[in-house]
Amino acid sequence: MKKKILLILVLVLCVSLISCKKTDDNEGAQNEASEAYLLSQGGNINLPLTPFKTFNPILNDNLYYYYFKDLIYSSLLEINDDSSLNNLLASSVEKVDERTYRIKLREGVKFHNGKVLSADDVIFSYNYILNNKDRSFYYNLINDEGNKIFNGSANFTINRLDNNSVEVKFASASQNNLYKLTFPIISATDDYNNYTPNGTGPFKFKSYENNKLLILEKNKSYFNGQASIDTVTGIVIENPANIEGIFETGKLDIYTAFDSNYSAFLNSSKYSVIEFPSNKLYYIGFNHKKKPSIDLRKLVEASINKELINKEVFSSNLALCQGFYPEESIFGLHDIKEKEDLSKLSIKKNENHQYVDENNKLIKLSILYNKNDAKKRAIANIIYTQLDNAGFKVEMLAKDASEISFNENYDIYVGEYLVNNAFDLSYMFSNRSANNFMGYSDDRYEALLNNLYTNKIEYKEINNFLQDEKIYIPLGYEKNALIFKENMIFDGKINFQNLYSKIKDLIIVSAKS
């Protein structure tokens, strides 16, 4: 919204400048003293990079280059602002059956070296990921743990139909299958022992000064419309902690605030800020191996004030949620539940207003957390106070991360999940999953998962079950922010999957006196 307002102001000022030409010459001195802001064509933007080991987007393990590479490379499908999918290199996606899709490629798309994109490049990219499973981030996207659990096959297959078409056969009918096709497409004929960036994206490689500068120039043949800016310069910064300060000096045009407090930028007229939920979900888990009753889980959730945790620990930079996924996501749908009457629960308080079990013994809850993680430590302290005030007897189990064992005698755990591009956390609570460290087991939930992976239900029903049964207590996704200098117009939304994918449409505003 702030960018739309800025765009309107720019246009108004431009009109005002034209109008001034028609006024009396006596007003000339006053008009010359004012500034008129004009939209610039072209220009350069500086983005931060940190030292990276390879240009290869599939083998890259650097967060900043992970986002930067979206300026150079394209995928079959791209993820929209609301987490829905859109065709990119794919011109059409035809559903053959519940597990099979035929994908036709855009015709005439060229890599930056002039080679025409073909089905062979898609299959090569897929196999390259599979053959580098210990080195590629994208292997975790392709290697579907949920499908492995419920269908016995972790990976899907891609087969060539003709030079411009492929057929993809997934292991199940899961609704999130197509998200696995968001990996970058690389050329089948490039030399990956002596590799220079070569993609199909809006910018192409121009030059690189080792550990200093990576310069891209506009790809005038980009299939999805030329970029508004001419060049992008990646400035390599040794220490990521210095990026914010360097941005404030003006040497960088865009800064991404990861896991940090960016409120000063929100409150400044010098910058424009676009917030977005990251893929980091903070939660409070139960030790289901001790079989906590549903009434106990409900009481614990009712005793925890998420808004206070958000304010005190995250400076209100947490996107609160009720289910597995961000509320903004198309997977985040769920039914709104009325607040439950806790007086109807089986657990009661004694005369001292403390919760007791059926034998009139005080209910004790131990909170396990990583004592070296400042945010988890702060969350643990707050829920300790809240549960204590609610009437529970509480104790803290502060451990080093390396010492935490989920076989010990804890009741509540403060943790985090990192959600991948395929948006699947649900399988982690299956009693067949090695990731189910909480020990949750419920035949009703297993039936829901089976129905989810055969496309008989939607994620909404999984989210509703989570709310009803309190498998765990989701707090929210930590928000990050993309921060721009005030002379830039970027009219759009972003999410953690497409951070830089729309920077090609950014417009620079220049000031002329």
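Going by the structure above, here's the rest.
An account of the accompanying structure is given in this report. As the structure is a prediction and not an experimental result, all values here were calculated from the model. In this numbering scheme, every chain counts its residues from 1 along its sequence in written order. The model is predicted, so local features are restricted to residues of pLDDT at least 70 and side-chain atom pairs to those at 80 or more, both for listing and for counting; the totals for chains, interfaces and linings are taken over all residues. The side-chain figures draw on all heavy atoms in the structure; neither hydrogens nor water molecules are used.

**Description of the environment of glycine 199**
Cut-off, in case you're wondering: What counts as a helix is a DSSP run of H or I of at least four residues, what counts as a strand is a run of E of at least two, and both are numbered from the N terminus.
Inspection of the secondary structure assignment puts glycine 199 in the loop between strand S8 (165–169) and strand S9 (203–209). Once the C-alpha coordinates of glycine 199 and isoleucine 72 are considered, the two residues, 127 residues apart in sequence, prove to be 5.4 Å apart.

**Digging into the side chain of threonine 100**
Worth spelling out the cut-off: Here's how the labels work: a residue is buried when its accessible area is under 20% of the maximum for its type, exposed when over 50%, partly exposed in between, all with a 1.4 Å probe on protein chains only. Here a polar contact is taken to be a pair of N or O atoms separated by no more than 3.5 Å, where protein atoms must pair a possible hydrogen donor with a possible acceptor and residues adjacent in sequence count only if both atoms sit in side chains. Note on contacts: a residue pair qualifies if any of its non-hydrogen atoms lie within 4.5 Å across the two residues.
Relative to the elements of secondary structure, threonine 100 occurs in strand S6 (residues 100–105). Owing to a relative accessible area of 4%, threonine 100 belongs among the buried residues under this scheme. Within the structure, threonine 100 has its side chain in polar contact with the side chain of lysine 169 (distance 2.9 Å). Sequence-distant contacts of threonine 100, defined by excluding residues within four places in its chain, comprise Glu94, Lys95, Glu167, Val168 and Lys169.

**Some words on helix H13 (residues 459–469)**
For H13, the tally of buried residues reaches eight of eleven residues, placing the bulk of the element in the interior. Looking at the packing, one finds that the buried side of H13 touches helix H9 (294–303), helix H12 (443–453) and strand S20 (472–485). Positive phi shows up at lysine 470, right after H13, with a value of about 55°.

**As for the environment of phenylalanine 324**
Tracing the sequence through the fold places phenylalanine 324 in the loop between strand S14 (318–320) and strand S15 (348–349). It is 7.1 Å that separates the C-alpha atoms of phenylalanine 324 and proline 474, two residues lying 150 residues apart in sequence.

**Re the nonpolar core**
Put simply, the rule is: Throughout this description, the term nonpolar core refers to a set of buried Ala, Val, Leu, Ile, Met, Phe, Trp, Tyr and Cys residues connected via side-chain atoms within 4.5 Å.
Formed by 119 residues in total, the largest nonpolar core has its most connected members in Ile45, Phe68, Leu181, Phe429, Tyr472 and Ile483. Among residues more than four places away in sequence, those in contact with isoleucine 45 are Ile229, Thr231, Val232, Thr233, Asp253, Ile254, Met488, Ile503, Leu506 and Ile508.

This is a description of form; function is not addressed.
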